[in-house]
Amino acid sequence: MAKVTFFPIDITYRIERDKPVIYLFGRTTGNEKICVTDAHFEPYFYVIPHKGKEVEEKLRKLKVERSGETAEVIRTEKVKKHFLGRDVEAIKVFVKFPSDVPIIREVIKDWEMLEYITEYDIRFAKRYLIDKGITPLVAVDAEGEFVTQRARVPVFRADKIEQKGENSLESPKVLALDIETYNPDGKNIDTEKNPIIMLSFYGENYQKVITWKKFKTKLDYIEFVDGEVDLIDRFKTIINDFKPDIITGYFSDEFDLPYIKARADKYKVKLDIGLDFSELRVNKARKVTSNITGINHLDIYKFIRKIVGPSMDTYAMNLNSVAAELINEKKIAVEVDSLAEVWDTNSTELESFCEYNLHDSFLAYKLTEKMLPNIMEIVKIVGMTIPEIARMGFSQLVESYILKQAQRFNELAPELPHHGILAKRRMQTYTGGFVFEPKPGLYKDIVVFDYRSLYPTIISSHNIDPGTLNCSCCEGKKTAPVEGRKKYWFCTKKKGFLPTLISDLITRRMRIKDIMKEKNTPLMEARSQSLKLLANSFYGYLGFSMARWYSIESARSTAAYGRYYIHKVIDEAKNEGFNVLYSDTDSVFLSLDGKTKKEAEKFREKINLELPGLMELEYDGFYPAGIFVSAKIGKFGAKKKYALLSEEGKLKIRGFETVRRNWSPISKEVQENVLNIILKEGKPEKALKYVRGVLEELKNNNIELKKVIIHTQLQKEIDSYDAVGPHVAIAIRMREKGINVGPGSRIDFVITKNGERIRDKAKLPDEVSEKDYDPEYYINNQVVPAVEKIFEVLGYSKDDLLESKAQNKLAKFF
DNA sequence: GAGCATCGGGG
DNA sequence: GTGTACGATGCTC
């Protein structure tokens, strides 16, 4: 009997000699690739029978004929389980093949003797990982022997398999790829007509570009082949020789790999790059995914868009913008629209396209390298594989985590909702966080407090869970502060399953934070972030229609408690004589109004004494000055619009229009300067003078041209715009000049004096000279709107900015 | 303003 | 694959 220790990377199963066999692909602690098989795992699901009914007998006799095959129950077992807050006697029903499970469940779903059928909808491979307590990337010990079997890596047949300890794979081998395709007619992608003309790879100490038109070059990484078929062939051999754990690309799930697959199919080339010689699988369900057995295909775009995207500055998620922001790198600037022509004319320019092609792989590699610590931490917490982490939504991450823990806590999972239930759930809504409408004004000495992990700590502290909801033992006790007639309460005697999990996540993160105070490592940072991400997703999960542990009552109660606790701070702060300026969901802004920071701190401590469980109000920061603007938007309450000055003298601007990218530099500059003069120096009259000065300069055309350039990104095809705004008009002219513009193109323009409509006045920056811009436009549509709201707060109207009559309306603020 | 449709990324 | 898949934004009525 031999032993191996390995890090699992990918998992699948297949049917062999009449039974399902689990395949775990990974890398051994000796750094060799390996495939470990396990034939000792049986498919099963659970039923909960009604009390007093004997159903095991009937189940055991069950045989279902389906297209010539027989699905049958092999055996049953009585098991004690927890299910949504109660103890149940369930029956574990074993069948022969995984595919028999849905067949059997379909037949018994209407049996009246059954109360509930569940866990028939958990994928077999996932079931295996859960039941064996195996987490991908964490070391697994296997006992068994190496066997001879057709595969690209050694195969080890395991008789015993166990995961103990936390030792995990540290640096998986990553190979990035990117293709260029022949595309003569613009944007349309046609995998049938247009060949792949370049293919690049980038890995550690490895760079390669394959192409099939020869030209003179000194670049040693370029390799010439005879045609597209040979290129595809090299694609296969390079992957096979490099032996990556992860293949990565930017949008490769939906472009590069499907394209390669489509071309291979056309030539009837088998893309059998799977470690078991299976082919690259392109799944065209709703969202395309591309998978290779044994190798993790990670589309780094998907992960970035989902996890990092929302907090990024860039709006566009294309490779250029994302690389610029995350790794401070850009794509190589070549005119990709001309590639087809360059290809046809056999030009030596092809070399620069090869460099471009390689560089895109390099960017995908670097982005993956940067994101990998976070991805791997999430894998280790929720137990899904790397490609799954990248593709799944937040709620599915939560669910994977809960399913994994359900096994440990002997909890039965509810079934996935079916069509009718789903439709009903989608109709249900609930109220979110509270937003305090600020009284417009300029304020001094602002203290900001916020609840640390508000929703997770509420769920934990109030035991919010579908299984503790409206329990009979606590009826008549305290209910959640939900508006309306519905009464929700949660058991105070027995801790719920989800609150148990979330408490554990919060305390784990607190422990890591404590250690980080001593020694901060990127790994701990990644772990802390992942735990926070997961804990914060529970609240949304409870209200997510697809969730197994869906509970709109729990989601509503959580939000209601959130509003209750933030109101508590607001009310008590007012009672203590603080001036409450603003509040949003979990944070409160107070102005000291003569009180000291110490008194504010005392107030915070007092609140904390009254909070249950893990809930805590934290000190977020102190700001010497701040300005709040009211802008009520419909029924959704006050808009989040304010600017704060930190003690270090930095401005924190939220919600003011010009922080958006499509304004001219001059309006951004003026807005920032105005806020600085008002907040830092406390001199609104000086700010007013300053603005009037700028307006005067604008009027005399003394402002530099580069400060009046506006840039906007084209969001769709030029011809599909109905409303021709200035940037669209410019795009049309750029096209007429032969410049290729399309969705995503950045359009720079200046508004000039000549013309009637704004779109006629718009000109390309190099078409105009320094003094051509239209002062009126920049005054009325750019600079004044950027600062108008700020001055309104101080009692100045738009006219005050434009006209030079000085009125001292500021006295009341100082 | 609600309800439906379409992008997004990629060459 | 023992199932199913998004979410933000723009456009129309």
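An account of the accompanying structure is given in this report. (Residues numbered from 1 in each chain as written. Chains lettered and ligands numbered in written order. Predicted model: local features only at pLDDT ≥ 70, side-chain atom pairs only at ≥ 80, totals over all residues. Heavy atoms only, no water.)

The next point concerns the overall build of chain A. Scanning chain A for helices and strands turns up 23 helices and 28 strands. For the C-alpha atoms alone, the extent of chain A along its principal axes is close to 95 × 85 × 50 Å. Counting the 814 residues in chain A, one finds 53% classified as buried. Working note: accessible area of chain A is about 38400 Å², and carbon and sulfur atoms make up 49% of it. (Helix = DSSP H or I, 4+ residues; strand = E, 2+ residues; numbered from the N terminus. Buried < 20%, exposed > 50% of the residue type's maximum accessible area, 1.4 Å probe, protein only. Areas by Shrake-Rupley, 256 points an atom, 1.4 Å probe, with all protein chains shown as cover.)

Relative to strand E6 (residues 69-83), strand E5 (residues 63-66) runs antiparallel, the two sharing four bridges. Within E6, the position partnered with Lys63 by the bridge is Glu72. In this antiparallel pair of consecutive strands, E5 and E6, the connection spans two residues, and Ser67 shows a positive phi of 45 degrees. Pairing analysis gives ten bridges linking E6 to strand E7 (residues 86-95), with the strands arranged antiparallel. Residue pairing in the sheet places Lys81 in a bridge with Val88 of E7. Here E6 folds back onto E7 in antiparallel fashion, the turn holding two residues, of which Leu84 has a positive phi close to 45 degrees. (Pairing = 2+ DSSP bridges.)

Another point: the pairing of strand E15 (residues 246-249). Burial along E15 is two-sided: Ile246 and Thr248 and Ile247 and Gly249, pointing in opposite directions, are all buried. Relative to E15, strand E11 (residues 174-181) runs parallel, the two sharing three bridges. What sits directly across from Ala176, in E15, is Thr248. Two strands pair when backbone bridges link them, and E15 and strand E18 (residues 296-299) are joined in this way by four bridges, in the parallel orientation. Each bridged residue has a counterpart across the sheet, and for Thr248 the counterpart in E18 is Leu298.

Another point: the sheet that holds E11. Strand order in this open sheet of six strands is E14-E13-E12-E11-E15-E18, and the pairing throughout is mixed. Two strands bound the open sheet, and with one partner strand each, they are strand E14 (222-224) and E18. Between one strand and the next, the sheet's axes are offset by a mean angle of 25 degrees, whatever the strand orientation. Taken together, the seven bridges between E11 and strand E12 (residues 196-203) define a ladder with antiparallel strand orientation. Within E12, the residue paired with Ala176 across the bridge is Tyr202. (Axes fitted to C-alpha atoms, helices over the stretch in contact; angles between N-to-C directions.)

Another aspect to go through is the packing of helix H11 (residues 394-408) against helix H14 (residues 497-518). Where H11 meets H14, the closest approach of the two axes is 11 Å, and the angle between their N-to-C directions is 105 degrees. The pairing of H11 with H14 is recorded here as roughly perpendicular in orientation. Here H11 contributes Tyr401, Ile402, Gln405 and Ala406 to the contact with H14, which in turn contributes Phe497, Leu498, Leu501, Asp504, Leu505 and Arg508. (Parallel < 35°, antiparallel > 145°, perpendicular 65-115°, else oblique. Contact = heavy atoms within 4.5 Å.)

With respect to the secondary-structure elements, Lys568 resides in helix H16 (residues 552-575). Beyond its immediate sequence surroundings of up to four residues, Lys568 is in contact with Glu610 and Leu611.

Moving on, we come to the packing of aromatic side chains. We describe a pair of aromatic rings using the distance from one ring centre to the other and the angle between the two ring planes. The final tally for this structure, using the stated rule, is 36 aromatic pairs. Note on Phe578 and Phe603: the rings are 5.4 Å apart at their centroids and 50 degrees apart in plane angle, and the pair reads as tilted. Residue Phe578 is found in the loop between H16 and strand E21 (579-584), and its partner Phe603 is found in helix H17 (residues 597-609); the two are separated by 25 residues along the sequence. The exposure class assigned to Phe603 is buried, which follows from its relative accessible area of 1%. Arranged with centres 5.3 Å apart and planes meeting at 85 degrees, the rings of Tyr777 and Tyr778 form a pair that is edge-to-face. Neither Tyr777 nor Tyr778 differs from the other in exposure class; each is buried. Just above the ring of Trp111 sits the side chain of Lys58; from NZ or CZ to the centre is 4.2 Å. If you follow Lys597 out to its NZ or CZ, it ends over the ring of Phe622, 4.1 Å from the centre. (Phe/Tyr/Trp six-rings, centres within 6.5 Å; stacked < 30°, edge-to-face > 60°. Lys NZ or Arg CZ within 6 Å of the ring centre and 35° of its normal.)

A few words on the nonpolar core. Counting residues in each nonpolar core, the largest one holds 119 residues, and the members touching the most others are Ile375, Tyr451 and Phe538. At 17 residues, the largest contribution of residues to this core is made by helix H9 (residues 350-382). The contacts of Phe538, once residues within four sequence positions are left out, are Val398, Tyr401, Ile402, Ile459, Leu498, Ile502 and Leu505. Judged by nonpolar contacts, the second largest core, of 48 residues, contains Ile627, Ile666, Ala762 and Val783. (Core = buried A, V, L, I, M, F, W, Y, C linked by side-chain atoms within 4.5 Å.)

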